[in-house]
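Residue-level structural notes
This is what each chain is made of:
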Amino acid sequence: MSVYLRLATYPGELRIAVTQDDTLLDYALWRPAAPDGVDDVYLGRISAHAPGMGGAFVDLGGGVSGFLPDQKGSDALTEGQTLTVRVVRAAQGGKGVRLKPEKAPATLPAKPGLISRGPTPLDRLAARWPDARIVVDSPAAAACLPVALRPRRQQELQPFPEEIAHACTALEEPLISLPGGMQASITPTPALVAIDMDASPAKTGWPKQTAQFAANRDALPALMRQIRLRNLSGAILIDPAGLATRKRQALLEPVKAALQDDPLRPRCLGITALGLVELVRARIHPSLPELLSSAHGQALAALRHLVTQETEATVLRGGLGLITALEQDPQALADCISQRGKPLSLQLDPALPDFFWTTHA
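Rules behind the numbers
Residues numbered from 1 in each chain as written. Predicted model: local features only at pLDDT ≥ 70, side-chain atom pairs only at ≥ 80, totals over all residues. Heavy atoms only, no water. Helix = DSSP H or I, 4+ residues; strand = E, 2+ residues; numbered from the N terminus. Buried < 20%, exposed > 50% of the residue type's maximum accessible area, 1.4 Å probe, protein only. Pairing = 2+ DSSP bridges. Axes fitted to C-alpha atoms, helices over the stretch in contact; angles between N-to-C directions. Lys, Arg positive; Asp, Glu negative; His and termini not counted. Salt bridge = Lys/Arg side-chain N within 4 Å of Asp/Glu carboxyl O. Contact = heavy atoms within 4.5 Å. Polar contact = N/O pair within 3.5 Å; in protein donor to acceptor, adjacent residues only side chain to side chain. Core = buried A, V, L, I, M, F, W, Y, C linked by side-chain atoms within 4.5 Å. Parallel < 35°, antiparallel > 145°, perpendicular 65-115°, else oblique. Patch = residues over 30% accessible without salt bridge, like charges linked within 9 Å, V, L, I, M, F, W, Y side chains within 5 Å. Areas by Shrake-Rupley, 256 points an atom, 1.4 Å probe, with all protein chains shown as cover. Charge placed at Lys NZ, Arg CZ, Asp CG, Glu CD.

Another aspect to go through is unusual backbone geometry. One non-glycine residue, aspartate 21, adopts positive backbone phi at about 55 degrees. For aspartate 21, the position within the fold is in the loop between β2 (13-20) and β3 (23-30). Overall, the relative accessible area of 48% leaves aspartate 21 in the partly exposed class. Within the chain, arginine 265 stands out as a residue other than glycine whose phi angle is a positive 50 degrees. Mapped onto the elements of the fold, arginine 265 is located in the loop between α5 (252-258) and β15 (267-271). The class for arginine 265 is exposed, based on a relative accessible area of 55%.

Okay, here's the thing in structure tokens:
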């Protein structure tokens, strides 16, 4: 069975799906105008030493800053010191990028700034799935392929198959359908991700707790796959459905088994006193919910709506947050105009809430 790495083109972003038959194996959003910065290398200057926080704040130039943990003690970092650093975690949840020291290249910029970019989401998925054939839906997507990946491209243009498109759209919803009639709802918070599993009907002839255990156990592999597809990370707490607290310890081994295929190697820390399954998954790239709910994500959603819906609108009127986000990504507006084949201008309406918008001809 062939594995494909599929690219779908939308204004300001490409959606990348790794598929096998009608199964979605992996997923990422690629926004060229807003890279998450992971593995970027910078020449930085320490702007503030913060021993109480165990590190220092580093000016990376261009208004970008990050935090560098101090692994060698409070005397190892001094304000004004320049050093080469690599981004190891994207800015998330209101916190800046996390840094680590990097060996200096032969040539350095004259002042703090970017030295080299890290891999794109396409680069990362292509490396993770080296045998996947690449399929694009447009000449614009084909033009985005780096030279090294072009031999893997299948020449004809193909949109996402219907089942794959449906699976990708479902990733944007907080409610997940699981095997056996189970469901789970996802609630990201600044501190953790809470997942509530809903009970399925008990199997006829089975004791209630036996049926509930089987239902939870059988739903876990699909739930863990959804966690990975959405790139949910940090602390994750799962509330199993309808299962007595004392019975939940038996879920530990099924949970650990379901985590084995995750490339980030998340850990199951156990069952809390409240009976919640406690996971920790490395925070490196922003999660899908964070990308979609960001100012940029909400602005791109408005353009995506105009492309996918039949409308003669030529003016997008929006609140300050939305218009500001689109002005910071002019290529997204140009993409929208090109993909629709119709003109489109932006109009600020201060009376609208930040991310509300409407259109007119």
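On we go.
Taken in spatial order, the four strands line up as β3-β2-β1-β10 in an open sheet, and their pairing is mixed. With one partner strand each, in any of the chains shown, β3 and β10 (133-136) form the two edges of the open sheet. Here the average twist between neighbouring strands, direction ignored, is 20 degrees. Strand direction decides the pairing type here: strand β1 (residues 3-10) and β2, joined by eight bridges, are antiparallel. By the bridge assignment, arginine 6 is partnered in β2 with alanine 17.

Here strand β11 (residues 175-177) runs beside strand β12 (residues 183-188); their pairing, made up of three bridges, is antiparallel. Paired with serine 177 across the bridge in β12 is glutamine 183. Counting the residues between successive antiparallel strands, the hairpin from β11 to β12 contains five residues, one of them, glycine 180, with a positive phi of roughly 75 degrees. Across six bridges, β12 lies against strand β13 (residues 193-198) in antiparallel orientation. Bridge pairing in β13 links threonine 187 to alanine 194. In this structure, the hairpin formed by β12 and β13 is closed by a connection of four residues.

Topologically, arginine 89 is positioned in strand β7 (residues 82-89). No salt bridge is formed by the buried arginine 89; the nearest opposite charge belongs to glutamate 290, separated by 9.3 Å.

Now for the sheet that holds strand β14 (residues 234-239). What the six strands build is an open sheet, ordered β11-β12-β13-β14-β16-β15; its pairing is mixed. Of all the strands in the sheet, just β11 and β15 have a single pairing partner and so form its edges. For this sheet, the mean angle separating the axes of adjacent strands, direction not counted, is 20 degrees. Two elements, β15 and strand β16 (residues 277-281), share four bridges in a ladder whose sense is antiparallel. Bridge pairing links glycine 270 to glutamate 278 in β16. On top of the sheet, helix α4 (residues 208-229) reaches β11, β12, β13, β14 and β16; it is set at about 145 degrees to β13, its chief contact.

Take the side chain of threonine 19 next. Among the structural elements, threonine 19 can be located in strand β2. Within the structure, threonine 19 has its side chain in polar contact with the side chain of arginine 6 (distance 3.0 Å). The contact partners of threonine 19, leaving out residues within four places of it in the chain, are Ser2, Val3, Tyr4, Arg6, Leu24, Leu25 and Ile164.

Before going further, it helps to examine the pattern of salt bridges. Pairing is possible between side chains of opposite charge, provided their charged atoms come close. Taken as a whole and assessed by the stated rule, the structure comprises 13 salt bridges. A salt bridge links arginine 31 to glutamate 13, with the nearest nitrogen and oxygen atoms 2.9 Å apart. Separated by 18 residues along the polypeptide, arginine 31 in the loop between β3 and β4 (41-50) and glutamate 13 in strand β2 bring together distant segments of the chain. Of the two residues, arginine 31 and glutamate 13, both sit in the buried class.

A separate point is the nonpolar core. Formed by 29 residues in total, the largest nonpolar core has its most connected members in Ile195, Ile238 and Leu279. Those elements that provide at least two residues to this core are β12, β13, α4, β14, α5, β15 and β16. The greatest single-element share of this core, amounting to seven residues, is contributed by α4. Once residues within four sequence positions are removed from consideration, isoleucine 195 is found in contact with Ala184, Ser185, Ile186, Leu223, Ile227, Leu232, Ile236, Leu237, Ile238 and Asp239.

All right, on to the packing of helix α7 (residues 295-308) against helix α9 (residues 330-340) then. Where α7 contacts α9, the axes come no closer than 9 Å and their chain directions differ by 10 degrees. Taken together, the axes of α7 and α9 are roughly parallel relative to one another. Contacts from Leu300, Leu303, Leu306 and Val307 in α7 reach Ala332, Leu333, Cys336, Gln339 and Arg340 in α9.

A few words on a negative patch on the surface. Together, Asp21, Asp22, Glu162 and Glu163 give the surface a local cluster of negative charge. Mapped onto the elements of the fold, aspartate 22 is located in the loop between β2 and β3. Note on aspartate 22: relative accessible area 53%, which makes it exposed.

Read these as spatial facts, not as claims about activity.
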